[in-house]
Amino acid sequence: MGALKGRDLLSLADLSTEEVLFLLDFAAQLKSGSVQPRCPKVLGLLFSKASTRTRVSFSVAMGHMGGQVLDLNSNLTQMGRGEPVEDTARVLDRYLDVVAIRTFEQAEVETFAHHAKIPVINALTDLEHPCQILADLQTVFEAFSTFDGLTMTYLGDGNNIAHSLLLGCALVGLNVRVATPQAFQPLPEIVAKAKEIAGDRSSITITTDPEQAAKGAHILYTDVWASMGQEDKADDRVPIFMPYQINAPLMALADPAAIVLHCLPAYREKEISHGVMESSASRIWDQAENRLHTQKALLASVLGAEI
Ligand code: CP
Ligand code: NVA
């Protein structure tokens, strides 16, 4: 889709429904091997947080397309010594063709994008993780061949994953329920945006009741209870979040054909039981694989690759 060439992806709400469906279809073609884009361009990975999946899947995607990747871990660059993001953006813009940024503040990716002409991709901030949710939607579509009439239930912390998931489900018309402890609900402005996108097409429910949220759901999804940068709060959160664990009793409330997703990394017996993670309902490894296909579709699209 030509409309994606040169575009940033800072929030999932930057994409229209048609653009998300285009990327999912393109990702499915990439996965089947029916298309093999060529894109001998250079991607910079400007990461201030740890990453296994995002780093490796972006790198492998560029490699498959004949491109290159530069690892710009913030402690290897002058950014780690205080060079402003505005200056870094204007310089890297002259060398790179696309950049993926993983950092804390959403404002940092927005400032970078404001000062760079190349496409800027949010590879996770405290606010959003749009690339993850593209892979999640591909995984849901593979399992059910539709989004219509399905309900996605997210349990745990109302964090970056919950935010992008709300927006992503709204974009494709999945009903979404988010169950969190009262003090950990998703930001009201993200919920409002998701409701605006969903319109009458699908429902959005924010609740503190994990059992009500799980009832009849087709997809159960969870993430860590303490995100990167919150490690010191992890122990205190365990008793607060334990009722939101995805385990066998919770699965018994969901649709009998329900699948389970987790963006990974996972902490077994915290947000998800070992048994559920290893059960036949788990699509977690397909979900991780789909990071490669959806991000390759995204890179090829924003770079205007030859198909
Ligand atoms: N799910 C995800 O983004 O994993 P990484 O933190 O390993 O990149
Ligand atoms: N919410 C998690 C997601 C990790 C992929 C975090 O930000 O650490």
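Here the structure is shown first, and the text comes after it.
The text that follows walks through the structure, step by step, so that each part is easy to find.

1. Concerning the site of ligand 1
Taken together, Ser 51, Thr 52, Arg 53, Thr 54, Arg 102, His 129, Gln 132, Cys 263, Leu 264 and Arg 291 make up the full set of residues adjacent to ligand 1. In this structure, Thr 52 approaches ligand 1 through a main-chain N or O atom, which is 2.7 Å from an oxygen atom. At 2.8 Å, a side-chain N or O of Arg 102 approaches an oxygen atom of ligand 1. When ligand 1 is considered free in solution it has 260 Å² of accessible area, and contact with the protein chains removes 95% of it.

2. Comments concerning the site of ligand 2
Close to ligand 2 lie Leu 124, Asn 159, Asn 160, Asp 223, Val 224, Ser 227, Met 228 and Leu 264. Between ligand 2 and the protein, one listed contact pairs a nitrogen atom with a side-chain N or O atom of Ser 227 at 2.7 Å. When isolated, ligand 2 has an accessible area of 270 Å², and the protein chains bury 95% of it. When the residues that make up the shell around ligand 2 are grouped by side-chain class, the tally is four nonpolar, three polar and one charged.

3. Describing the packing of aromatic side chains
Aromatic ring pairs are reported here in terms of the distance separating the ring centres and the angle at which the planes meet. One pass over the structure, following the stated rule, counts five aromatic pairs. Note on Tyr 154 and Tyr 221: the rings are 5.9 Å apart at their centroids and 50 degrees apart in plane angle, and the pair reads as tilted. Of the two residues, Tyr 154 sits in strand 5 (residues 151-155) while Tyr 221 sits in strand 8 (residues 219-222), which places them 67 residues apart along the sequence. Assigned by exposure class, Tyr 154 and Tyr 221 land together as buried. Aromatic pair Trp 225 and Phe 241: ring centres 5.7 Å apart, planes at 20 degrees, arrangement stacked. Pair noted here: Trp 225 is in the loop between strand 8 and helix 9 (234-241) and Phe 241 is in helix 9, with a separation of 16 residues, a long-range link. Since its relative accessible area comes to 4%, Trp 225 is described here as buried. Counting every residue linked through ring pairs, the aromatic cluster contains Phe 184, Trp 225 and Phe 241. Stacked on the ring of Phe 104, the Lys or Arg Lys 49 has its end atom at 4.5 Å from the ring centre.

4. A look at the pattern of salt bridges
Between side chains of opposite charge, pairing is possible as soon as their charged atoms come close. Considering all chains together, one arrives at nine salt bridges under this definition. Residue Glu 19 is joined to Arg 7 by a salt bridge in which the shortest nitrogen-to-oxygen separation is 2.9 Å. A residue pair is termed long-range when its members are at least 10 positions apart, and Glu 19 in helix 1 (residues 17-32) and Arg 7 in the segment before helix 1 qualify at 12 residues. Residue class for Glu 19 comes out buried when judged on its relative accessible area of 9%. In this structure, the salt-bridge partner of Lys 31 is Glu 142, at a minimum N-O distance of 2.8 Å. Taken as a pair, Lys 31 in helix 1 and Glu 142 in helix 5 (residues 130-144) lie far apart in primary sequence, 111 residues in all. Among the residues examined, Lys 31 registers a relative accessible area of 29% and is labelled partly exposed.

5. Let's talk about the packing of helix 1 against helix 5
Put simply, helix 1 and helix 5 touch, their axes get as near as 10 Å, and they point 70 degrees apart. When the axes of helix 1 and helix 5 are compared, the pair comes out roughly perpendicular. Residues Val 20, Leu 23, Leu 24, Ala 27, Ala 28 and Lys 31 of helix 1 pack against Leu 134, Leu 137, Gln 138 and Glu 142 of helix 5. Residues of the contact of helix 1 with helix 5, tallied by class, amount to seven nonpolar, one polar and two charged.

6. Let's talk about the nonpolar core
Within the largest apolar cluster, 63 residues are counted, with the highest numbers of intra-cluster contacts made by Phe 58, Val 140, Met 152, Leu 174, Tyr 221 and Leu 299. A total of nine residues in this core trace back to one element, the largest contributor, which is helix 6 (residues 160-172). Sequence-distant contacts of Met 152, that is, excluding residues within four places in its chain, are made with Val 140, Leu 165, Cys 169, Leu 174, Asn 175, Val 176, Arg 177, Ile 219, Tyr 221 and Leu 261. Counting 19 residues, the second largest nonpolar core, distinct from the first, contains Ala 179, Leu 220, Ile 246 and Ile 272.

Cut-offs and rules
Residues numbered from 1 in each chain as written. Chains lettered and ligands numbered in written order. Predicted model: local features only at pLDDT ≥ 70, side-chain atom pairs only at ≥ 80, totals over all residues. Heavy atoms only, no water. Near = heavy atom within 4 Å. Polar contact = N/O pair within 3.5 Å; in protein donor to acceptor, adjacent residues only side chain to side chain. Areas by Shrake-Rupley, 256 points an atom, 1.4 Å probe, with all protein chains shown as cover. Nonpolar A, V, L, I, M, F, W, Y, C, P; charged D, E, K, R; others polar. Phe/Tyr/Trp six-rings, centres within 6.5 Å; stacked < 30°, edge-to-face > 60°. Helix = DSSP H or I, 4+ residues; strand = E, 2+ residues; numbered from the N terminus. Buried < 20%, exposed > 50% of the residue type's maximum accessible area, 1.4 Å probe, protein only. Lys NZ or Arg CZ within 6 Å of the ring centre and 35° of its normal. Salt bridge = Lys/Arg side-chain N within 4 Å of Asp/Glu carboxyl O. Axes fitted to C-alpha atoms, helices over the stretch in contact; angles between N-to-C directions. Parallel < 35°, antiparallel > 145°, perpendicular 65-115°, else oblique. Contact = heavy atoms within 4.5 Å. Core = buried A, V, L, I, M, F, W, Y, C linked by side-chain atoms within 4.5 Å.

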